[in-house]
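# Observations on the three-dimensional arrangement
So you can see what is in the structure, the chains are spelled out below.
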Amino acid sequence: MSSLQGKRIGFGISGSHCTYAEVVPQVEKLVSLGAEVVPVVTGNVKNTDTRFGKGKDWVSKVEEITGQPIIDSIVAAEPLGPKAPLDCMVIAPLTGNSMSKFANAMTDNAVLMAAKATLRNQKPVVLGISTNDALGLNGMNLMRLMATKNIFFIPFGQDDPEKKPNSMVARMSMLAETIEAALEYKQIQPVIVEKYLD
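An account of the accompanying structure is given in this report. Predicted, not measured: the structure shown is a model, and the values here were computed from it. Residue positions within a chain follow its written sequence, with the count starting from 1. Only residues with pLDDT of at least 70 get local features here, since the model is predicted, and only at 80 or more are side-chain atom pairs given and counted; chain-wide, interface and lining totals rely on the full set of residues. Just so you know, side-chain values use all the structure's heavy atoms and leave hydrogens and water out.

### Digging into the side chain of serine 2
- Looking at where serine 2 falls in the secondary structure, it is placed in the segment before β1 (8-13).
- A polar side-chain atom of serine 2 sits 3.0 Å from the main-chain amide nitrogen of leucine 4.
- Not counting residues within four places of it along the chain, the set of residues in contact with serine 2 comprises Leu33 and Glu180. To qualify as a helix, a DSSP run of H or I must reach at least 4 residues; to qualify as a strand, a run of E must reach at least 2; elements of each kind are numbered from the N terminus. Whenever a nitrogen or oxygen atom comes within 3.5 Å of another N or O atom, the pair is scored as a polar contact, on the condition that within protein one atom can donate a hydrogen and the other can accept it, and that pairs from neighbouring residues in sequence are kept only if both atoms are in side chains. In this analysis, two residues are considered to be in contact whenever any of their non-hydrogen atoms come within 4.5 Å of each other.

### With respect to the pattern of salt bridges
- Counted as salt bridges are all cases of a side-chain nitrogen of Lys or Arg within 4 Å of a carboxyl oxygen of Asp or Glu. Taken as a whole and assessed by the stated rule, the structure comprises five salt bridges.
- Between arginine 8 and glutamate 36 there is a salt bridge whose closest N-O contact spans 3.1 Å. One end of the pair, arginine 8, is in strand β1; the other, glutamate 36, is in strand β2 (residues 36-41), and 28 residues separate them in sequence.
- Relative accessibility decides the category of a residue: with a 1.4 Å probe and only protein chains considered, values under 20% of the type maximum give buried, values over 50% give exposed, and everything between is partly exposed. Residue classification places glutamate 36 among the partly exposed positions, given a relative accessible area of 34%.
- Of the charged contacts in the structure, one is a salt bridge between aspartate 108 and lysine 101, with a shortest N-O distance of 2.7 Å.
- Residue class for aspartate 108 comes out partly exposed when judged on its relative accessible area of 40%.
- A relative accessible area of 16% places lysine 101 in the buried class.

### Considering the packing of aromatic side chains
- Aromatic pairs are defined between Phe, Tyr and Trp rings, using the six-membered ring for Trp, whenever the two ring centres lie within 6.5 Å; interplanar angles under 30 degrees are classed as stacked, those over 60 as edge-to-face, and all others as tilted. Counted according to the given criterion, the structure contains two aromatic pairs.
- Centroid distance phenylalanine 152 to tyrosine 185: 6.4 Å. Interplanar angle 65 degrees. Geometry classified as edge-to-face. Within this pair, whereas phenylalanine 152 is found in strand β5 (residues 151-153), its partner tyrosine 185 is found in the segment after α8 (175-182), the two being separated by 33 residues in sequence.
- Given the relative accessible area of 7%, phenylalanine 152 is considered buried.
- Tyrosine 185 gets classed as partly exposed once you look at its relative accessible area, which sits at 38%.

### Observations concerning unusual backbone geometry
- The residue after alanine 92, namely proline 93, is reached through a cis peptide bond having omega 0 degrees.
- Within the secondary structure, proline 93 is located in strand β3 (residues 88-94).
- The backbone of glutamine 122 shows a phi angle near 60 degrees, a positive value even though the residue is not glycine.
- Secondary-structure assignment places glutamine 122 in the loop between α6 (110-120) and β4 (125-131).

### Regarding the environment of glycine 43
- Mapped onto the fold, glycine 43 is located in helix α2 (residues 43-47).
- Glycine 43 sits 37 residues away from leucine 80 along the chain, and the two C-alpha atoms are 18 Å apart.

### Structural notes on the packing of helix α5 (residues 96-103) against α6
- As a packed pair, α5 and α6 sit with axes 11 Å apart at the nearest point and diverge in direction by 40 degrees. Seen along the crossing, α5 lies across α6 with a hand that is right-handed. In this structure, α5 uses Ser98, Lys101 and Phe102 to contact α6, whose residues at the interface are Leu112, Ala115 and Leu119. To define axes, lines are fitted to C-alpha atoms, for helices over the stretch in contact only, and angles between the resulting N-to-C directions are given on a 0 to 180 degree scale. Each helix crossing is assigned a hand: it is left-handed if the near helix lies turned anticlockwise from the far helix by less than a right angle, otherwise right-handed if that turn is clockwise.

### Brief notes about helix α1 (residues 20-32)
- In this scheme, a helix's expected span is set at 1.5 Å multiplied by one less than its residue total. For α1, built from 13 residues, the straight-helix expectation of 18 Å at 1.5 Å per residue is met to within 8% by its first-to-last C-alpha distance of 18 Å.
- Among all positions of α1, only Tyr20, Val23, Val24, Gln26, Val27 and Leu30 are buried. In a view along the axis of α1, the buried residues occupy a sector of 155 degrees, so they form one face of it. Residues of α1 that are exposed and angled more than 90 degrees away from the buried face: Ala21 and Ser32.
- Remark: glycine 34 follows α1 within two positions and exhibits a positive phi of approximately 95 degrees. Taken from the helix axis, the directions to the C-beta atoms give the arc we talk about.

Printed below as a string of structure tokens:
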């Protein structure tokens, strides 16, 4: 039996549109392992259409996989604190914009509210970064989060070191095992990997 069987896992998705195709199969995997997945999205995810697909289509797909309605407002996410707690909260992909807000205690969307509520309950938050600026100005926010209690990272690395040397993306295929470690309050290692070889 999977250690994720019966676990209540929040799955927050922020606006790294090019990463959805890599992330959605991980939602399916969590469900197949017996987890109850509670989907949470930012407004950018829900309302933005890009060359990678329409926001409403991505939302519908995640709702279909999880069998749960999307949480898309701060008001709807707030009960994930003491009233309806999660065992673990995931944000994948986590954009540089949301990362900088989270690192500086800003809560202006449902995903960040859910993460803050989970930290308040002293439960693990797992982050899967996807940002063009991890080795740039956002580096200090990344390091702040890495040093924060109860925050854990899906292993990440440079996705295109030649063309985008500051960019780093999580190896999303390692999500389930990262959650398993985080539920024991351990950071899976190594956390820095050669993402672009994946």
